[in-house]
Amino acid sequence: MARDSIVILTGAGISAESGVPTFRAADGLWEGHRVEDVATPQAFARNPDLVQGFYDARRAALAAVVPNAAHHALARLEREWDGGFLLVTQNVDDLHDRAGSRALVHMHGELLKAWCTGCDARHAWQGDLRCMPRCPTCGAANLRPDIVWFGEMPYAMDTIETALHQCSLFISIGTSGAVYPAAGFVEIARWAGARTVELNLDPSATSSRFHESRLGRATDLVPAFVDELLA
């Protein structure tokens, strides 16, 4: 990746303006459930029906939301930027994809994919998993959401870290700065000599580590910042 390259990290804040609920509420619950009950391998082993139903509902809800101005601005930046570009999202929705982003890594997985723990195949998936459908590859009923749960390794970390070490600009959008390893990306980028910018509704847990922090709605901040970069 060239030195005039950009790495962008997005979190729940960018999709919240499209109507996608942020997972963790102020009381620590994820849409009424404890994290330990719906977002760990142990929870799935203990109560697969609850976990599958939780993600089935979130998958179905995607049909009611659309990408917003911030998603579209990032897709435009990718199309028009002359240097290297990588968009890393912590979000499991498909709004970046629908907006047209292609140099995209879903580090926490995707709601619209199912993973067979038997044969390790991954499949595009629109329907429910609670009914224990068969894997199209091996025929076994071993499908689970292709979501990175707490205690599991995020996807494509080698690709992400290489890009961070080589980028000249790192931008974090709509993230809490509380979930690692993503919260540590700003430190990797700064160590590599990159300019670091945070665009967020409120200060994050890592705001002090950025060279610049701009506060406001993603649908306002992101298109304006993209205009600056492409001017």
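Residues numbered from 1 in each chain as written. Predicted model: local features only at pLDDT ≥ 70, side-chain atom pairs only at ≥ 80, totals over all residues. Heavy atoms only, no water.

Undergrad: Explain the overall build of the protein residue by residue, including any values.
TA: Along its length, the protein carries nine helices and nine strands. For 231 residues, the compact-globule estimate of 2.2 N^0.38 gives 17 Å, and the C-alpha radius of gyration of the protein, at 18 Å, lies within 12% of that figure. In the protein, the proportion of contacts linking residues at least 24 apart, taken out of those at least 6 apart, comes to 64%. Carbon and sulfur atoms provide 53% of the accessible area of the protein, an area that totals close to 10500 Å². Looking at the protein, you have 20 positive and 28 negative side-chain charges, and the mean spots of the two groups are 2 Å apart. (Helix = DSSP H or I, 4+ residues; strand = E, 2+ residues; numbered from the N terminus. Rg over C-alpha atoms; globule rule 2.2 N^0.38 Å. Contact = heavy atoms within 4.5 Å. Areas by Shrake-Rupley, 256 points an atom, 1.4 Å probe, with all protein chains shown as cover. Lys, Arg positive; Asp, Glu negative; His and termini not counted. Charge placed at Lys NZ, Arg CZ, Asp CG, Glu CD.)

Undergrad: Talk me through the sheet that holds strand 2 (residues 85-89); I want residue IDs and the actual numbers.
TA: The strand order across the open sheet built from six strands is 3-2-1-7-8-9, with neighbouring strands paired in parallel fashion. Each edge of the sheet is formed by a strand with only one pairing partner; in this case those strands are strand 3 (104-106) and strand 9 (212-215). Each strand of the sheet is rotated relative to its neighbour by a mean of 15 degrees, with strand direction disregarded. For strand 1 (residues 6-10) and strand 2, the ladder comprises five bridges, and the chain directions are parallel. Within strand 2, the position partnered with Leu 9 by the bridge is Val 88. (Pairing = 2+ DSSP bridges. Axes fitted to C-alpha atoms, helices over the stretch in contact; angles between N-to-C directions.)

Undergrad: Explain the nonpolar core to me, and be specific about the residues and the numbers.
TA: Formed by 21 residues in total, the largest nonpolar core has its most connected members in Ile 6, Ile 8, Leu 74, Ile 171, Ile 173, Leu 199 and Val 222. Contributing elements (two or more residues each) for this core: strand 1, helix 5 (69-80), strand 2, strand 7 (169-173), strand 8 (195-200) and helix 9 (218-230). Broken down by element, the residue count for this core peaks at six residues, all from helix 9. Residues within four places of Ile 6 in sequence aside, it is in contact with Leu 77, Trp 81, Gly 84, Phe 85, Leu 86, Leu 169, Ile 171 and Leu 229. Grouped together as the second largest cluster of nonpolar side chains are 18 residues, Leu 86, Val 105, Phe 170 and Ala 189 included. (Core = buried A, V, L, I, M, F, W, Y, C linked by side-chain atoms within 4.5 Å. Buried < 20%, exposed > 50% of the residue type's maximum accessible area, 1.4 Å probe, protein only.)

Undergrad: Give me the lowdown on the packing of aromatic side chains, citing residues and values where you can.
TA: If you walk through the whole model with that rule in mind, you get four aromatic pairs. Both rings, one in Phe 44 and one in Trp 149, keep their centres 5.5 Å apart while their planes meet at 45 degrees; by these two values the pair is tilted. Here Trp 149 lies in the loop between strand 6 (143-147) and helix 7 (157-166) and Phe 44 lies in helix 3 (residues 41-46), a separation of 105 residues in the sequence. Of the two residues, Phe 44 and Trp 149, both sit in the buried class. Ring geometry for Phe 170 versus Phe 210: centroids 6.2 Å apart, planes at 15 degrees, classification stacked. Of this pair, Phe 170 sits in strand 7 while Phe 210 sits in the loop between strand 8 and strand 9; the two residues are 40 residues apart in sequence, bridging distant segments of the chain. Given a relative accessible area of 1%, Phe 170 falls into the buried group. Here a set of aromatic residues connected by ring pairs shows up, and it is made of Phe 44, Phe 54, Tyr 55 and Trp 149. The ring of Trp 149 has Arg 144 lying over it, and the distance from NZ or CZ to the ring centre is 3.7 Å. (Phe/Tyr/Trp six-rings, centres within 6.5 Å; stacked < 30°, edge-to-face > 60°. Lys NZ or Arg CZ within 6 Å of the ring centre and 35° of its normal.)

Undergrad: If you had to explain the pattern of salt bridges to someone new, which residues and values would you point to?
TA: Inspection of every chain in the model, using the stated rule, returns 17 salt bridges. The residue Arg 122 makes a salt bridge to Asp 120 at a minimum N-O spacing of 3.7 Å. Between Asp 146 and Arg 122 there is a salt bridge, with its nearest N and O atoms 3.1 Å apart. Remark: Arg 122 occurs in strand 5 (residues 122-124) and Asp 146 occurs in strand 6; sequence separation between them is 24 residues. Connected via shared salt-bridge partners are Arg 195, Glu 212, Arg 214 and Glu 228. (Salt bridge = Lys/Arg side-chain N within 4 Å of Asp/Glu carboxyl O.)

Undergrad: Let's hear about the environment of Phe 225: which residues, and what values?
TA: Of note, Phe 225 is situated in helix 9. Residues Phe 225 and Gly 184, spaced 41 residues apart in sequence, show a C-alpha to C-alpha distance of 23 Å.

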